[in-house]
Amino acid sequence: MKSQPIIGIYARRSNKGTNPERPFKGLTGVFTRLQEAAARNDAVAYVFTPEDVDFTNSVIQGHTVSEGEWSVQEFPLPNSIYDRGFFIKPTNDEKNVARQFRKDVRERGIPYLVSRKIPPIVNKKLGFAELMHRKGIPHPATREYSKSSVVEMLENHDSLYIKPDDGAMGIGIITATRQGTDWFTLGYKRRISGKKFEPILQDVGISDVSMAITLIRHDLGTDERGYIVQEAVPIYEHEGKQTDVRVVMQRDGHGILGVTSVFVRVGGNYSQGGKLVVSEVVLEGIAHQTGQSPSTIRDETEDISKKCFIAVEEESGVEAADLGLDIVYTEQGLHVVIEANIKQGDLLTGLLKEVKGTSLEARVREERDAFFNKTIQFGVRQVEALQATYQ
């Protein structure tokens, strides 16, 4: 009898909470839906942290949920690992634990559902920008941050983003906007608590820009992180707020690439209070402004997203399970790729909350469930392909 593929969902220790109904804090819902998707696709999924693993005896104390009740039981090591142990500011201890875990996994030949060759390409903004430019995919002018590069960029652009090269959900971004020939307004957001941020603005002359940015980075606590300087493309605004479109693309259990969902972020990053809306709301406005039909704009958006997805795969040499492509529209209707992301389920759940009780709820729920289904199906296909090589 054919055994069920086992997908291990990797979480970090700090994800764990004390509430038995939400043992993995904000990720509890995502982990629940992944396990539900596994059950629908004749697979097994459990959540674990590095501390739950006993490599000597090849077992894991896996966390599973059934009808809302979480429990811990012993499982074999997984056939594939879905890495959700993302670190924004890892401690040295977390780095050492993760490093040893990856070494143990590598020695046992356990693959990652999202190949570890993908994150270095999409998570480093400078490298991603260079890839987009090589492939001829529209992307803002981007350079590594230095005292000279920021001044040179300001001489050629009226507005810039100075942001961490490794990203951090919109945290740590500084804006520079021209107010006169040699005067600029620098802006950033200082976190107060949760999603509450205090906007800070200051005017500086071009000769003082670099020093002011150094002081702002110190205030943000990002002194040690690498930064980039990126052209701030003038983009379409919805209700007076800048917007970007998230296109969620995935390969399914047959390896077929397709679009799972298209939605819009209005007013910035969702983690900082931005709002999620369905794509039609914004596409109709763009169509009115550019004279194109909403369907044409959506088709062009999906086409450029597909090119970006394939470019990342070609660069990495492996198939990608999923990518979330962030696309903006200029005032002339040009589609520009801003970045790619490997973390999707959380935003789809956020969008579902926004449309709950409306006629759109069923559609968005279907898209969210499709995301988790395809994620598991990709993992199952990966496991079956690996097992076939051993036969």
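Whatever comes next refers back to the structure up there.
How each quantity is defined
Residues numbered from 1 in each chain as written. Predicted model: local features only at pLDDT ≥ 70, side-chain atom pairs only at ≥ 80, totals over all residues. Heavy atoms only, no water. Helix = DSSP H or I, 4+ residues; strand = E, 2+ residues; numbered from the N terminus. Contact = heavy atoms within 4.5 Å. Pairing = 2+ DSSP bridges. Axes fitted to C-alpha atoms, helices over the stretch in contact; angles between N-to-C directions. Phe/Tyr/Trp six-rings, centres within 6.5 Å; stacked < 30°, edge-to-face > 60°. Buried < 20%, exposed > 50% of the residue type's maximum accessible area, 1.4 Å probe, protein only. Lys NZ or Arg CZ within 6 Å of the ring centre and 35° of its normal.

### Considering the environment of Ile235
Thinking step 1. Assignment of secondary structure puts Ile235 in the loop between strand S12 (227-231) and strand S13 (237-238).
Thinking step 2. The spatial distance from the C-alpha of Ile235 to the C-alpha of Glu331 is 5.6 Å, given a sequence separation of 96 residues.
Thinking step 3. Not counting the four nearest positions on each side in its chain, Ile235 is found in contact with Gln242, Thr243, Val328, Tyr329, Thr330 and Glu331.

### What to know about the sheet that holds strand S7 (residues 142-144)
Thinking step 1. Read across the sheet, 6 strands follow the order S7-S12-S8-S9-S10-S11 without closing on themselves; strand pairing throughout is antiparallel. Two strands lie at the open edges of the sheet, namely S7 and strand S11 (196-205), each paired on one side alone. Ignoring strand direction, the axes of neighbouring strands in this sheet form an average angle of 20 degrees.
Thinking step 2. Sheet strands touched by helix H4 (residues 125-135): S7, strand S8 (159-164) and S12. Its angle to S7, the strand with the most contacts, is close to 140 degrees.
Thinking step 3. With respect to the sheet, helix H5 (residues 147-156) is in contact with S7, S8, strand S9 (174-178), strand S10 (183-193) and S12, its orientation differing from that of S12 by roughly 5 degrees.

### Section: the packing of aromatic side chains
Thinking step 1. Throughout the structure, instances matching the rule amount to 9 aromatic pairs.
Thinking step 2. Between the aromatic rings of Tyr46 and Phe48, the centroid separation amounts to 6.2 Å while the plane-to-plane angle is 65 degrees, which identifies the pairing as edge-to-face. Comparing Tyr46 with Phe48 shows no difference in burial state: the two are buried.
Thinking step 3. Joined through ring pairs, the aromatic side chains of Tyr10, Tyr46, Phe48, Phe55, Phe75 and Phe101 make up one cluster.
Thinking step 4. Sitting over the ring of Tyr112, Arg116 keeps its end group 5.4 Å from the ring centre.

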